[in-house]
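What follows is each chain in one-letter form.
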Amino acid sequence: MDEVIQVTQWLSSITPRKKAKLFFFTTHADAPTPTVGSNDVDTHEETQLPLATTVALHNFKNIDEFLKKKVNTFSCYNVIENEITKTDYEYLRFYSACKYLDVVPPFLDLEKISAIQNKFEMTDEERDYRLLLDSADLVLEKVCDSLKPAGVPQMWTALRKDRNLIRGVKTIEIIGFFVDPNPTGIKECLFFFIVRHLQMIKKFSRVNTNRLERLIAQCDESSACEEGRTIDFIIDSLRCYPTELYPFGSCLILCVFEDRDGAMQEIEKTMEISRHLGMITHTEKNPTKETIELVKKELMKPKYQFYSSFTCWFMSHGDSNSMLLADGETMEREWFLTSFPDISTFQLKPKVFFMVSCLGANKFRLEGAKFKCQSATCDYYDIGSALIRNRMLDITDSVRDISYVQPMMDTLVAYSTIPDHLSGRANTHGSIYVDRACVLMSENISRGRSLTEILEHLSQDLHEILQETMDEDRIVYKQACHYDSSFRKTLKLPYTRHPKEDVHSAPQ
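Here we summarise the structure given alongside this text. This structure is a prediction, so every number in the text was calculated from the model and none was measured. (Residues numbered from 1 in each chain as written. Predicted model: local features only at pLDDT ≥ 70, side-chain atom pairs only at ≥ 80, totals over all residues. Heavy atoms only, no water.)

The final tally for this structure, using the stated rule, is 25 aromatic pairs. Note on Phe 24 and Phe 25: the rings are 5.8 Å apart at their centroids and 50 degrees apart in plane angle, and the pair reads as tilted. For the pair Phe 24 and Phe 25, a shared accessibility class is recorded, and that class is buried. These aromatic residues form a ring-pair network of at least three members: Tyr 304, Tyr 307, Phe 310, Phe 314, Phe 336, Phe 340, Phe 346 and Phe 353. (Phe/Tyr/Trp six-rings, centres within 6.5 Å; stacked < 30°, edge-to-face > 60°. Buried < 20%, exposed > 50% of the residue type's maximum accessible area, 1.4 Å probe, protein only.)

Now the structure itself:
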């Protein structure tokens, strides 16, 4: 069959709502390209044009033309062996969006997809189409689905009233002031236009969602929200780090075995919980400084741009400043914790470090006979609070910026003990901290709990456990853990437990 006819038939089989979503996913604003960081507003406006004309004319002709052009580009595209191009990213985004929406063109060349994935050095686990979807866009899709057709025009009216958001943008005038959102798919086109517009003028990112939240907050709840949804519910969904679908993120496990009984148990527990959380896991036993440098180099590869989060478990001996490596050398803890968050592939994404080692030799010693032979070793303000806000500083947009980000932002470091103190171990099961952390995370999958909630529960749980030193003094003591955080959003555990067989499924 002629390819033109095939494309026409394919487009005619897609509903207007899915066309709007396919356009949105395919034009992902933060997609990594050789020209990332470009300030070419005219290029962005050209991308916005199909959405603007669709909303204004109630006609999907320009979106159809855009999708036809994409398909034709991919059809003629020859995959270059080594160099990763902008088209490679676009092809993967397009394929994953089609797969997610169940509208994969029957004529799409899947061999090219495989060839591009080879260029990215993707493993079998990483060839799951869900990895290629941007989790922030999936959250925005859900926000859109939570709004009634009448709700998005209310956001549009609020946006139009703010001159700082519309000044000098031509596509704004194409749509006009008043919008009829009732024809199928128009609500989606207008919402996605608003999102991409805020991204274009650098008022919105996967972490900086305040501006969009404020537009939603100005909607009338009774007419704007779908049944079972509220304004607060929608805004709360934007205040969490976007980690939708599988995989939850990339997990690195570093474990030194020397003079650490139960180290293998630690690896098994952390691997198990990582897989249940839906992470793609890499383990390094007995790491050296060279190993860590190689891991850092690996994490800089382009494929890690597709991951939603990064987690690292580092289990070793240590003191107040350093960690002991497998070759007997020490590594400054501060150097490790500042160099990994600076990796560009995980910028604006949550990075969690579990540092499991002693931070000193002190012990919270428990005195008294009753403790003998007892141990386990054998502010965000409410947007609607206008009265309060009127009394606060007026922080204008002119003094706000979301373009530059301090490398340590969006990082949480969890320590197995407090400064200058021991980190306890069981004779055969390794770190008690690791054991309790894995148990609590496993128990809280599907409960909507955040990581910090679980760490607070872990702090309580761990501090109740009596431990005993393994030397001849047999001192009974308690251990306290803590964490430092520069998170800007809430990181929730996934709602779905991922069994092993799902994680190792065949490429989709």
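Moving on from the coordinates now.
A word on the pattern of salt bridges. Counted according to the given criterion, the structure contains 26 salt bridges. Of the charged contacts in the structure, one is a salt bridge between Lys 70 and Glu 90, with a shortest N-O distance of 3.2 Å. Taken together, the positions of Lys 70 in helix H4 (residues 61-76) and Glu 90 in helix H5 (residues 86-101) put the pair 20 residues apart, joining distant regions of the chain. Side by side, Lys 70 and Glu 90 carry an identical accessibility label, which is buried. Salt-bridge contacts for Glu 213 lead to Arg 239; the nearest nitrogen and oxygen are separated by 3.0 Å. Taken as a pair, Glu 213 in helix H13 (residues 210-217) and Arg 239 in the loop between helix H15 (231-238) and strand E1 (249-255) lie far apart in primary sequence, 26 residues in all. Relative accessible area serves as the criterion here: at 24%, Arg 239 is assigned to the partly exposed category. (Salt bridge = Lys/Arg side-chain N within 4 Å of Asp/Glu carboxyl O. Helix = DSSP H or I, 4+ residues; strand = E, 2+ residues; numbered from the N terminus.)

A few words on the side chain of Arg 260. Residue placement: Arg 260 occurs in the loop between E1 and helix H16 (263-276). On the accessibility criterion, Arg 260 (5% relative accessible area) is buried. Within the structure, the side chain of Arg 260 is placed 2.9 Å from the side chain of Glu 266, a separation counted as a polar contact. Apart from residues lying up to four places away in sequence, Arg 260 is in contact with Cys 255, Glu 266, Met 315, Ser 316, His 317 and Arg 425. (Polar contact = N/O pair within 3.5 Å; in protein donor to acceptor, adjacent residues only side chain to side chain. Contact = heavy atoms within 4.5 Å.)

Put simply, helix H8 (residues 135-145) and H15 touch, their axes get as near as 10 Å, and they point 175 degrees apart. By the angle between their axes, H8 is roughly antiparallel relative to H15. Across the interface between the two elements, Val 139, Leu 140 and Val 143 of H8 pack against Ile 234, Ser 237 and Leu 238 of H15. Considered class by class, the residues forming the contact of H8 with H15 number 5 nonpolar, 1 polar and no charged. (Axes fitted to C-alpha atoms, helices over the stretch in contact; angles between N-to-C directions. Parallel < 35°, antiparallel > 145°, perpendicular 65-115°, else oblique. Nonpolar A, V, L, I, M, F, W, Y, C, P; charged D, E, K, R; others polar.)

Right, let's talk about the sheet that holds E1 for a bit. What holds strands together in a sheet is hydrogen bonding between their backbones, with the strands either parallel or antiparallel. One open sheet holds the 6 strands; their spatial order is E2-E1-E3-E6-E8-E13, and the pairing between them is mixed. Strand pairing shows two members of the sheet lacking a second neighbour, strand E2 (279-285) and strand E13 (482-485), which therefore form its edges. Each strand of the sheet is rotated relative to its neighbour by a mean of 15 degrees, with strand direction disregarded. By the bridge criterion, 5 bridges tie strand E6 (residues 351-356) to strand E8 (residues 411-415) in an arrangement that is parallel. Paired with Lys 351 across the bridge in E8 is Thr 411. Sheet contacts for H16: E1, E2 and strand E3 (310-315); angle to E2, the most-contacted strand, approximately 165 degrees. Across the sheet, helix H20 (residues 432-444) lies against E3, E6 and E8, angled at about 150 degrees from E3, the strand it touches most. (Pairing = 2+ DSSP bridges.)

Turning our attention to the nonpolar core. Within soluble globular proteins, side chains that are nonpolar generally end up buried alongside one another. Judged by nonpolar contacts, the single largest core of 101 residues is most densely connected at Trp 10, Phe 191, Ile 194, Leu 212, Phe 336 and Phe 340. Top element by residues in this core is helix H12 (residues 186-200). It accounts for 10 residues. When residues of this core are assigned to domains, at least three fall in each of domain 1 (1-29 + 44-239) and domain 2 (249-362 + 405-486). Setting aside its immediate chain neighbours within four residues, Leu 212 contacts Leu 140, Met 155, Ile 194, Val 195, Leu 198, Phe 204 and Leu 238. (Core = buried A, V, L, I, M, F, W, Y, C linked by side-chain atoms within 4.5 Å. Domains from an automatic or database assignment.)

Phi angles above zero are rare outside glycine, and Lys 202 is one such case at about 60 degrees. Relative to the helices and strands, Lys 202 is located in the loop between H12 and H13. Since its relative accessible area comes to 36%, Lys 202 is described here as partly exposed. Its identity as a non-glycine residue notwithstanding, Asp 410 has a phi of 65 degrees, on the positive side. For Asp 410, the position within the fold is in the loop between helix H19 (386-389) and E8. A residue is classified by how much of its surface remains accessible, and Asp 410, at 1% relative accessible area, is buried.

This paragraph deals with the pairing of E8. In terms of residue burial, E8 counts as a mostly covered element, since 5 of its 5 residues are buried. Burial along E8 is two-sided: the residues Thr 411, Val 413 and Tyr 415 and Leu 412 and Ala 414 are all buried. Of the strand pairs in this sheet, E8 and E13 are connected by 4 bridges, and their pairing is antiparallel. Along E13, the bridge assignment pairs Leu 412 with Ser 485.

All right, on to the side chain of Ser 274 then. Its location among the elements puts Ser 274 in helix H16. With sequence-adjacent residues up to four places away left out, Ser 274 is seen in contact with Cys 251, Met 279, Thr 281 and Trp 313.

A surface patch of negative charge is lined by Asp 220, Glu 221, Asp 232 and Asp 236. Of note, Asp 232 is situated in helix H15. (Patch = residues over 30% accessible without salt bridge, like charges linked within 9 Å, V, L, I, M, F, W, Y side chains within 5 Å. Areas by Shrake-Rupley, 256 points an atom, 1.4 Å probe, with all protein chains shown as cover. Lys, Arg positive; Asp, Glu negative; His and termini not counted. Charge placed at Lys NZ, Arg CZ, Asp CG, Glu CD.)

A separate point is the environment of Arg 93. Mapped onto the elements, Arg 93 comes out in helix H5. Judged by relative accessible area, Arg 93 falls into the buried class, the value being 6%.

As a further point, take H20. With 13 residues, H20 ought to run about 18 Å at 1.5 Å a step, and its terminal C-alpha atoms sit 18 Å apart, in line with that. Every buried residue of H20 is accounted for by Ile 432, Tyr 433, Val 434, Ala 437, Cys 438, Leu 440, Met 441 and Asn 444. One side-chain oxygen at the N-terminal end of H20 lies 3.2 Å from the backbone nitrogen of Tyr 433; it belongs to Ser 431. Downstream of H20 by a residue or two, Ser 446 has a phi angle that is positive, lying close to 80 degrees. (Expected span 1.5 Å × (residues − 1).)

Any link to function would need more than the numbers given here.
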